[in-house]
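So the chains spell out like this:
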Amino acid sequence: MLFKMALREIKKISRFHFFFLISLSLGMTGIIIVKNFKFSIEKTINQKSKKFLGADLALSLISPFKKEDLIKIKSLFKEEVQVSESIELLTMIKAGEKARLVQVKGVDSLYPFYGSMKLQKTGTYKAGKSIGEDGIIIQSELKEQLKLKKLDFLGIGKSRFKIKDLLIDDIGQNFMGGSFVPRVYLSLDSLKKTKLIQFGSTIRYFYLLKIKEDFSLPDINAFLKENFPEKNIRVVTPQRKGQRMGRGVNYLSDFLGLTALISLLLAVSANFYLYRNYLSNRSKDMAVLKAMGFGKLKIFTIYFYHLLILGLLAGVLSFLVAAPLVLFVNFIVQNFTPLQIIIQISWKSFFYGSFICMISNALCALPLIIPKLDSSITSLHSSKFRDRYSQKKGMILFIPWALFFVFISIDLSSSYRNGPLFCLFIFISLLITDRLGIWILNLLGKARLRGHIIFKLAFKNMTRFKTETLISLMVLVLLSSMLTLIPQLNHVMVEELSYFTKGRTPHFFLIDIQKDQVEELRKFCEENNVELAGPSPMVKAKLQSLNGKPFEQYSKKKKSRTREAEMNSFLRNRPINLSYKEKLYKDEIIVKGRAFGEKDEKGSLPGVSLEERYAKRLKIKIGDEIGMTVLGLPLKAKVESFRKVNWANLKPNFFFVFKPGVLENYPQTFLGTTFHDKDKRPYGFQMKLLDKFPNVSSINLKRNIEKTRTIFNDIVLSFRTMTFVCLFVGVFVIWTIFQNQIEQRIPDYNLLKTLGFSPDHLKKIGIAEVGLLISFAGLFGILVGYLLSYSLVAIFFRNMNEGWSFYPWAFLPAVLSKALIAFLVYRFVFKKVIEEKAPNELLKGY
Amino acid sequence: MILKVEKLKKSYSIGGRRKLSIDVLKDVNFEIQKGETIAILGDSGSGKSTLLSIIGGLDRADSGSVTFLDKELGNLSEKELTELRADSLSIVFQEYHLLPHLTALENIEIVLELHETHEVRKTALRLLNQVGLQERASHFPSELSGGEQQRVAIARSLANNPQLLLADEPSGSLDQKTGTKVIDLFFDLVKERKMTLILVTHGRELAKRCDRIFHLEEGVLVQGDQ
């Protein structure tokens, strides 16, 4: 019966239901799109993770296994295990006057166990096929970069190879499309012929395992640690590979999710206002139900069902609106971005959207329904009904909805920190707007105004219809702040990117310099008038323990639920690069601890200086003991200082720097950067370098910065798109609120007309009111937007080098949107209600 | 003569697809001299309020004419009608119709300010004093009783010093005792200012306080017995 009564409410098709549903479904649309984006990434990772890795399990290490090692590993499993071996290294190759750094990957005939590579000429490359002797497969972009006109021969190391085919789609290519270094495939025998495998080169050996039985990852980790303690083996599962590949896109969708949350908040604010008016028109119905003997719970259930049905309908509507938009987003992604994901509409998003709409509706209405249920029949009957709830009690009723909002934010941002912090910022902004708004309205309400009657009436409308003004104010502040926040964040990111291009930028980053080549390279650079920074030694190591306790290892069972956990796990398990030098760079400053270069105390562990932000992330303190392994050899050090590193100088910089005398005997290579005069072409130098030092690879930093900028531009584009969604929802929501307010005031307008106010007067009063409200909310919202962007950068992007910087034009979208709102309100609300309706129409309000 | 109504007709369409036309005013004729008070008696739905709306320039007649201060209302634009309402007319409603977000004083002040009157506050307070509500000046309508609200409405209707005062059941929402008090005050003020009054009511006793009485029956206005 109660459900039927709720349905009867819905059947009364009213303007309230129309605007309520449209507003909520529009607010939900952004979230459904983002959710489908996330589901598509998840689905791609789940479906293709084995294909991305090419195996059930992969072991990666910097020195090869011996035959007996592999037998030992195979013995761990009951059933037969197949092993495919591959080797990866970086090297320079040249063709004509062009030289490029490439990743050379030597594979055997078993590679890959799962998935395939897409080739231009011969279709697909699968396990069982062989690249053959003297042949290579190169990534298609390398052909463009080297300006190769046909598939010719290419020199790699000491040998030349015939290009057999072009690689169009690689195994394990990340979601952002392509990599900074193009790949070249060849057989293991061919790789040996290049003579590039030499001691000290940056080489990684991969062993892909095809395992028929179920296996326990912790057991494998324990086995490897016990049997090969010196090997520094990195164990990669398909899931981990998928997560790592999707990390960039996941971060993007997390932040898009938070932006989409704003549009939901805007919609909920508008619906709160609409429902408040709806419920005040239903006060007498409630009184009748009470008089008929309906208990509080029964009356609540009727309204609860009503809200759930509205939520479900809004869920259906938002899904219907989002579905074609998802297809459109997929079209954009496929055709205009490098993202390698097919975005599909998922039924899960329908249930997700409907669930949020239903629960959000029900919880948001609690502060409106409960005070009415607690009121007496007489007071509900009275036209002057006002609930007697104190402000504190009223605020408590908002808590369930606020918690639900935080819950959605955690889900959308996949973060227990970012989501709640984002909500906290929003709630604080709204609370400040509310408190400040009340204070200002009270102050202005008491003020004795002078000036024209139009202005005075507009002012009184604002100050005396406090709740309406405050809700409009909050929505407008929220909209203005978001529209300021997004371009301001965009600016911060652009500045961060240009950080590396400010000042004197090195052209090449040199890697794999051997110890015995250092002096010769210095001389070579001098002869060619090229400034060389470094070369600095680099020793590869792995973190093992902190103050005797082992760093937590990645575990399949402990799946990272949030981005923070993912990142910390990634940092703990990542190999680290150590270096040593006598003096720090001039722009490298010790911020805590001992001065660099001071002698270690007798009998104590060697001192190491850590980059300050890295130390903070891993919660390392001065005086801590860090245990590491270098090629299986243990190394312990005591943290003696934290350094601030100027990463922008693009010189060889390291998280861990030792003083001379500790690392000299460990295997090491050297890194350096070269600076060139602007008028000289650096490519001639690169060719000479390659001739003289074939094992030294040079990375073109300028080109890579450009590539990063392209990816970044796509991210900015998606943020801008979400801003437009927010703007659209915001404008609709505010239009709805103003329209509703003006309709509620029709009796007042009628009265003013009978008192001699012309339509022109009424329009001016309305415009003055909206103008005052919009100007105040705009100014305050812009201020909040700037503050919010500052706080977000300080908390979420604290690892940025440039930090927050003021962007004076960030306020423009907020101002333009306000102008648009003012125009829409004037043209479609005031004009229609006041001008186009004859006085006798207006009299119907009485 | 301040107002002349001739052959006034007005009908309304009601219903959905099958529209029904109801003739509310069939042939209304009367005229009123300056300073005269007349009452229009009629049952609910007899068209009293419609007649008042047309005279007040809030509605337009289908045919016939209303001449007020030598101006034919049917020929005036919305703007001219607004000006006429602002300068020469006032209406007192049954439901008081005060602006809820303005205090008693402010409800009167807005009319004075629209006329750019000097000493707005002083004049408004004087008017409130005349209706005995000076002490309730800063109260909002929701804080006043029905009788008090109607007294504020009466004070407001006098603020523009109108040549014609239209009153639609001014005591209709009040209890008998309060109603009588308000009506006494109302007529005292009208007499004191020698204002022209058209009072619409269904109460015979109230109508008797006017100079002339008309009966509105089935859309036709008939001169009464006074």
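Residues numbered from 1 in each chain as written. Chains lettered and ligands numbered in written order. Predicted model: local features only at pLDDT ≥ 70, side-chain atom pairs only at ≥ 80, totals over all residues.

## Focus: the overall build of chain A
Basically, it comes down to this: In this description a helix means any DSSP run of H or I spanning at least four residues, a strand means any run of E spanning at least two, and both kinds are numbered starting from the N terminus. Buried, partly exposed and exposed are defined by the number of other C-beta atoms within 10 Å of a residue's own C-beta, namely 20 or more, between the two limits, and 12 or fewer respectively, with C-beta atoms placed from the backbone. Distance between backbone-placed C-beta atoms decides contact: two residues are in contact if it is within 7 Å.
Broken down by element type, chain A carries 25 helices and 22 strands. Here chain A, with 846 residues, has 40% of them falling under the buried criterion. Long-range contacts, defined here as pairs at least 24 residues apart, represent 85% of the contacts in chain A between residues at least 6 apart.

## Examining the pairing of strand β7 (residues 164-168) of chain B
All names here are of chain B. What counts, and what does not: Paired strands, as defined in this entry, are two strands with at least two bridges between them according to DSSP. If you view a crossover with the strands going away from you and the path from the first strand over the helix to the second runs clockwise, you call it right-handed.
The element β7 is extensively covered by neighbouring structure, given that five of its five residues are classed as buried. Alignment of β7 against strand β8 (residues 196-201), held across five bridges, turns out to be parallel. Within β8, the position partnered with Leu165 by the bridge is Leu197. Note that the unit made of β7, helix α6 (residues 176-193) and β8 has a crossover that is right-handed.

## Overview of the interface of chain A and chain B
Counting residues at the interface gives 18 residues for chain A and 20 residues for chain B. No other element matches helix α15 (residues 453-464) of chain A, which puts five residues into the side of chain A that touches chain B.

## Quick notes on the nonpolar core
Residue and element names in this part refer to chain A. Selection rule: The term nonpolar core means buried Ala, Val, Leu, Ile, Met, Phe, Trp, Tyr and Cys residues held together as one set by C-beta atoms within 7 Å. Throughout, the edges of the domains are those of an automatic or database domain assignment.
With 181 residues, the main nonpolar core has Leu266 and Val475 as its most contacted residues. Considering every element that reaches this core, the biggest residue donor is helix α7 (residues 238-281), with 17 residues. Of the residues that make up this core, three or more belong to each of domain 1 (1-53 + 247-416) and domain 3 (417-504 + 700-846). Leaving out residues up to four positions away in the same chain, Leu266 has contacts with Gly27, Val475, Leu478, Leu479, Val729, Gly730 and Val733. Judged by nonpolar contacts, the second largest core, of 43 residues, contains Leu59, Ile87, Ile137 and Leu208.

## Describing unusual backbone geometry
In this structure, Pro112 of chain A follows Tyr111 of chain A across a cis peptide bond, with omega equal to -10 degrees. In this fold, Pro112 of chain A is placed in the loop between β3 (98-107) and β4 (117-119). In this structure, Lys619 of chain A takes a positive phi of about 55 degrees despite not being glycine. With respect to the helices and strands, Lys619 of chain A occurs in the loop between α19 (612-617) and β18 (625-630). Here Asp70 of chain B, not a glycine, exhibits a phi torsion of approximately 65 degrees, which is positive. Looking at the element boundaries, Asp70 of chain B is found in the loop between β4 (63-68) and β5 (71-72). Judged by C-beta crowding, with 8 C-beta atoms within 10 Å, Asp70 of chain B ranks as exposed.

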